[in-house]
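Summary of the model geometry
Residues per chain, in single letters:
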Amino acid sequence: MRNAEAPTEKFAAVTAAEKSRIAFIDIGRTVAALVVFYTHIANQFIEARHGGSAVTDGFTALFETPLKLSSEGIGQISIYFFFLVSGFVVTPIALKLGARRFGVNRFFRIYPMNVLAVLLAAGGIALGLSVLSAGHKQDITPGTLLANLTLANFSLKPFWAMVGVAWTLAVEVLFYLLLVAVLPLLRRWVWAAIFVELDVVLILVLLRTPLGPDFGGFASQSAYLLLPIMGQIIWAGWHGKIHRLLAGGYLLAAWGLFVLAANLKLDTDYLLRAGPIVFAVLVFYVGLGTEDRLKQRTFWTAMSERSYSLYLMHGLIALPLMHAISDSLPVWLSVIVGVAATFVVVELAYRLVELPSHNLGRRLSKRTEVTTPTPGVGFFERLLGTFRRRSEDDSSGDEDADDEPRPARRKPDPTHVAPDARTVRRRRPPAEEIRERHAGHLEVPRERPATNGRRTRPDGPRERAAQWTSERSERLNGRPRREPTEQRRQPAPQRRPRPEPPTTEAPPAQPRRTPARRNGRPPVNGRRPSREPEWPSAGDERSQPRPATNHNGRPRRPQGQVNGERNGRRTPPRPVDRRESGPPSRGRHSRH
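Cut-offs applied
- Residues numbered from 1 in each chain as written.
- Predicted model: local features only at pLDDT ≥ 70, side-chain atom pairs only at ≥ 80, totals over all residues.
- Heavy atoms only, no water.
- Patch = residues over 30% accessible without salt bridge, like charges linked within 9 Å, V, L, I, M, F, W, Y side chains within 5 Å.
- Areas by Shrake-Rupley, 256 points an atom, 1.4 Å probe, with all protein chains shown as cover.
- Salt bridge = Lys/Arg side-chain N within 4 Å of Asp/Glu carboxyl O.
- Helix = DSSP H or I, 4+ residues; strand = E, 2+ residues; numbered from the N terminus.
- Contact = heavy atoms within 4.5 Å.
- Buried < 20%, exposed > 50% of the residue type's maximum accessible area, 1.4 Å probe, protein only.
- pLDDT = per-residue confidence, 0-100.
- Axes fitted to C-alpha atoms, helices over the stretch in contact; angles between N-to-C directions.
- Parallel < 35°, antiparallel > 145°, perpendicular 65-115°, else oblique.
- Left-handed = near helix turned anticlockwise from the far one by under 90°.
- Nonpolar A, V, L, I, M, F, W, Y, C, P; charged D, E, K, R; others polar.

1. A word on a nonpolar patch on the surface
A cluster of nonpolar side chains, Trp-189, Trp-191 and Leu-246, forms an exposed patch at the surface whose accessible area comes to about 320 Å². Inspection of the secondary structure puts Trp-191 in helix 9 (residues 190–206).

Structural data, given as structure tokens:
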């Protein structure tokens, strides 16, 4: 089950196989809700009833005094952390769902539990119990009850809230309205949408002076809008929607506007303190940096899902019960009883109210499609399919999951062929059959069109060439060509193993044959010299008679005589007739 308000843009890519939720969001919401619970018990019961204790005094000296949080306690950092988480988480949900679906989703997320809390608070006040309320107490009338149910009481004067912690819900509703208003701009230019939001808050804060004190409550809530806007800025910078330097500038600008609103003292019922914002932002960035090292735990998941119910119910169950039994029980036992009763009521409220309303809002915010009726599927079958889809388990889903309903259509049969179809699509063979074919080196058959009485075209080029040759032979000879035998396609028979020679004595060596003479010369090392030309010998029948003179009329050289050789035999040099050769040349044999 994924986090109900967890964006999946970054952390799903980092820990998709291990985590389905943002771990630091679960841990932060759980710790923040428990710290708010402790702060109200310490301030509203132990300090007010018994003047303090060693545990609360030590905690105050260790955390609240150094951080200058004595007026509101350390729970104020938790409230600011809740606002940062809201801006960080709700912004991507609005971008994904759209304005209408986002409004429906948020309505069923906020108001059902607020209605339950207001009704319980009204009953406790009517019985005279000490519930955690805020403002100037008034009589319970239909007008005050309606104002508390719609969260409009935090902007009215005189101010009275039956559920004292519900003022944060009013700020959340204002942030949702502002987010829906700038949603078209946010889709296109995130930096421009954030700039417009800061300008709107600045204008609302500055309108307090001309409009008077009656506008002070609404102006104070507008100043608190800067906290979820800061969470939105952190989301934009962390996910790369805007440059990180620009995100840092926007954070400084938002913090400066909050300091300005705190100095203006917009309303006496709201305490605007800028110091805890720094610690809340620091804790948030530490959680983002350590997200990769955190693990998803069942305890943090369960507590995070029930943090909203715990936040609303602890002031309506624990405080009245502890005040009622504190006279007969010691302080520590009263606290244990009040905490145990609170968690029991929180579990019941979560299972009976929060989770069902959450699932209803998720179903209503899903995108619906108009599907055309499928032939062969009746009305009751489509209606039954719709009810089956709606009756699925919604507790394991996510409110921001955009799962579109599947149309009630029959899956087409891959082997079905219409009567007028000319091709037949065979179903794909299963994976096991494909593996067997590949293992056996068999060819997977291709999808061939239906013949419908016509001749099919061969698959490969060899088959097409063979068919063309056969058709040509039929046309020329008037008779079909004989198909080639299958013997060529059969594998060659294996050769018989060569028998080993018998292990007997070796036969006597045969005398080496000496080649006979050739061309009148003995061979060299049994071979004829390669450079010696072969000429026909005298008396050879194959030799042809040659004329005695050449084409110039001069006598020919005897056949076979080359460079002093005649018929393979070397002839003596012819004597030189010096009388015919001219004067002798000068040399060492010369007489001169």
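Now that the structure has been shown, the text picks up again.
2. Regarding the environment of Leu-272
Locating Leu-272 in the fold gives a position in the loop between helix 13 (244–264) and helix 14 (275–289). On a C-alpha basis, the gap between Leu-272 and Val-259 in space is 8.2 Å, while along the polypeptide they are 13 residues apart. For Leu-272, the contacting residues outside a window of four places in its chain are Ser-220, Ala-223, Tyr-224, Phe-258, Ala-261, Ala-262 and Leu-266.

3. Examining the pattern of salt bridges
Tallied over the full model, the rule gives eight salt bridges. As a salt-bridge pair, Asp-269 and Lys-157 come within 3.1 Å of each other at their nearest N and O atoms. Residue Asp-269 is found in the loop between helix 13 and helix 14, and its partner Lys-157 is found in the loop between helix 6 (142–150) and strand 2 (160–161); the two are separated by 112 residues along the sequence. Judged by relative accessible area, Lys-157 falls into the partly exposed class, the value being 35%.

4. Focus: the confidence of the model for the chain
Regions with low pLDDT carry predicted coordinates that are not meant to be interpreted in detail. Summary statistics for the chain give a mean pLDDT of 75 and a share of 61% for residues scoring 70 or more. Ranking the elements of the chain by mean pLDDT puts helix 1 (residues 11–14) last with 39 and helix 12 (residues 226–238) first with 95. Confidence over residues 1–17 falls short of pLDDT 50; this stretch has 54 contacts with residues more than four positions distant or in other chains. Contacts of residues 386–424 to residues separated by more than four positions or lying in other chains number 68 contacts, the stretch itself having pLDDT below 50.

5. A closer look at the packing of helix 4 (residues 75–97) against helix 5 (residues 99–126)
Axis separation between helix 4 and helix 5 bottoms out at 7 Å; the angle between their running directions is 130 degrees. Regarding the angle of helix 4 to helix 5, the classification is oblique. Once helix 4 is placed against helix 5, the crossing between them reads as right-handed. Along the contact surface, helix 4 presents Val-90, Ile-93, Ala-94, Lys-96 and Leu-97, while helix 5 presents Ala-99, Arg-101, Phe-102, Asn-105 and Arg-106. Looking at the contact of helix 4 with helix 5 residue by residue, the class counts come to six nonpolar, one polar and three charged.

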